[in-house]
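# Descriptive structure summary
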Amino acid sequence: MEQGLLHTFKKSYFLKMSPNKHFLAQVNATQVNIFKYDTLQQVAQIKANNAEPFFSNDSSLLLIKESYKKLYVYNTETMTLYSKLTSSKGCYDNGNGACISHDNKYVINIGYEHPYGFISVYNIENRKEIRYREDMQEVYRNIQYISSRQLYFIDGYRRLDLSGKNKYFYMWFNLEEQSFEQTFCDLEDVNFLYANSLDQILYYSQRGKTAFRFLPLNIEIPVEHKYDTFDIKLSHNNEMIAFYHGKDLKVCTFPDMNILANFSNIDYGRVSFSPDDNEILIASHKGFIYKLN
């Protein structure tokens, strides 16, 4: 696969594109910059410390999750603040994920108060918060809406004690019924990924010092053992997978994992695909957008 560099940004913590591909959010330590993607004209600059952006499924709303306990919802048509959400309790950490509900009525937020996590559901209009699973002794890592199931996919681990022993799990959250269906895994230090094309949960973790393994596909990819930082994203059509290991990023076919492209020594970072999978967005010591041919 050939790839061509389309644009470079200064240091970027996140690069995310709206589902309609009209907007691009670029994040540094102190602000979120919003651009029109076709012209890269900047349309907004929002002050926020250590924030992460999330677009709604219809691209009409932008959620900015700031560190501590602040979440802001913006109207993307006017780039004006629509709703400011604050947690009912102070948080030591901002948690690792959030999303706007498929009907644009709620924000589902992963929170954390040492030593355990919780899941908050905010009503965007009245700003009221309902918390779930505060007493479960669990830490939640990621949340994603799976439209084919009309459920929210969440993964994390349960702290059995404070010595560091964890029990890893994934679960499905039904927002309408306010219910959770949880599945535990016997593997240690495992992460989870939902593959829509397979309608299957994948387990992935580093096996020893030389390979990275996907189960139940039972596929291994060689890795440099000195690195242990991962970010893995499936393309929207599930035909590619981006595999970030240490300072190197590989793009592979999915599910057979043949290497299509290799980005070497681009430093630690995060990766995402454009909505049509024609571009790959890399947030690192600099931000990069590459065309995938």
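Now for a quick tour of the structure.

Parameters at a glance
- Residues numbered from 1 in each chain as written.
- Predicted model: local features only at pLDDT ≥ 70, side-chain atom pairs only at ≥ 80, totals over all residues.
- Heavy atoms only, no water.
- Helix = DSSP H or I, 4+ residues; strand = E, 2+ residues; numbered from the N terminus.
- Buried < 20%, exposed > 50% of the residue type's maximum accessible area, 1.4 Å probe, protein only.
- Polar contact = N/O pair within 3.5 Å; in protein donor to acceptor, adjacent residues only side chain to side chain.
- Pairing = 2+ DSSP bridges.
- Axes fitted to C-alpha atoms, helices over the stretch in contact; angles between N-to-C directions.
- Phe/Tyr/Trp six-rings, centres within 6.5 Å; stacked < 30°, edge-to-face > 60°.
- Lys NZ or Arg CZ within 6 Å of the ring centre and 35° of its normal.
- Contact = heavy atoms within 4.5 Å.

## Comments concerning the side chain of Glu279
Along the polypeptide, Glu279 turns up in strand β27 (residues 279-283). Residue class for Glu279 comes out buried when judged on its relative accessible area of 4%. Within the structure, Glu279 has its side chain in polar contact with the side chain of Lys21 (distance 2.8 Å). Reaching out from Glu279, the side chain makes a polar contact with the side chain of Ser274 at a distance of 2.9 Å.

## What about the sheet that holds strand β11 (residues 106-113)?
Across the sheet, 4 strands lie side by side as β10-β11-β12-β13; this open sheet has antiparallel pairing. The two strands at the open ends of the sheet, each matched to only one other strand, are β10 (98-100) and β13 (129-132). Neighbour to neighbour, the strand axes of the sheet diverge by 20° on average, direction disregarded.

## Quick notes on unusual backbone geometry
The peptide bond linking Leu215 to Pro216 adopts the cis configuration, its omega dihedral lying at 0°. In this fold, Pro216 is placed in the loop between β20 (211-215) and β21 (219-222). Cis geometry is found at the peptide bond from Phe254 to Pro255, where omega equals 10°. The backbone phi angle of Ser59 is positive, close to 70°, even though this residue is not glycine. Relative to the elements of secondary structure, Ser59 occurs in the loop between β6 (52-55) and β7 (61-66). On the basis of relative accessibility, which here comes to 2%, the residue Ser59 falls in the buried class.

## Quick word on the sheet that holds strand β4 (residues 31-36)
An order of β2-β3-β4-β5 is seen for the 4 strands of this open sheet, with the pairing classed as antiparallel. Only two strands of the sheet have a single partner each, and these edge strands are β2 (14-17) and β5 (41-47). Along the sheet, successive strands turn relative to each other by an average axial angle of 20°, direction set aside. Sheet topology places β2 next to strand β3 (residues 23-27); 4 bridges connect them, and they run antiparallel. Bridge assignment links Leu15 to a residue of β3, and that residue is Gln26.

## Section: the packing of aromatic side chains
Geometrically, a pair of aromatic rings is defined through the distance of the ring centres and the angle of the planes. Summed over the entire model, instances satisfying the criterion amount to 19 aromatic pairs. Ring centres of Tyr157 and Tyr168 lie 5.5 Å apart, and the angle between their planes is 50°; on these two criteria the pair is classed as tilted. Of this pair, Tyr157 sits in strand β15 (residues 151-159) while Tyr168 sits in strand β16 (residues 166-174), and the two are 11 residues apart along the sequence. Taken together, the ring pairs in this structure connect Phe153, Tyr170, Trp172, Phe192, Tyr194 and Tyr203 into an aromatic cluster. One residue, Arg131, lies across the ring of Phe118, its end atom 3.7 Å from the ring centre. One residue, Arg133, lies across the ring of Phe180, its end atom 4.9 Å from the ring centre.

## Brief notes about the environment of Arg131
Relative to the elements of secondary structure, Arg131 occurs in strand β13. Relative accessible area serves as the criterion here: at 15%, Arg131 is assigned to the buried category. Side-chain polar atoms of Arg131 contact the side chain of Glu129, separated by 3.0 Å. Of the polar contacts made by the side chain of Arg131, one reaches the side chain of Glu134; its length is 3.1 Å.

## Some points on the pairing of β6
Burial of β6 is two-sided: the residues Glu52 and Phe54 facing one way and the residues Pro53 and Phe55 facing the other way are all buried. Here 4 bridges tie β6 to β7, and the two strands are oriented antiparallel to one another. Opposite Glu52, over in β7, you have Lys65 as the bridge partner. Between β6 and β7, which follow one another and run antiparallel, lie 5 residues, and Ser59 among them has a positive phi close to 70°.

## Notes on the environment of Phe9
Tracing the backbone through its elements, the reader meets Phe9 in strand β1 (residues 3-9). Residue class for Phe9 comes out buried when judged on its relative accessible area of 7%. C-alpha separation for the pair Phe9 and Ala283, spaced 274 residues apart in sequence, amounts to 8.8 Å. Discounting chain neighbours no more than four positions away, the residues touching Phe9 are Leu15, Leu24, Gln26, Phe35, Leu40, Lys286, Gly287 and Ile289.

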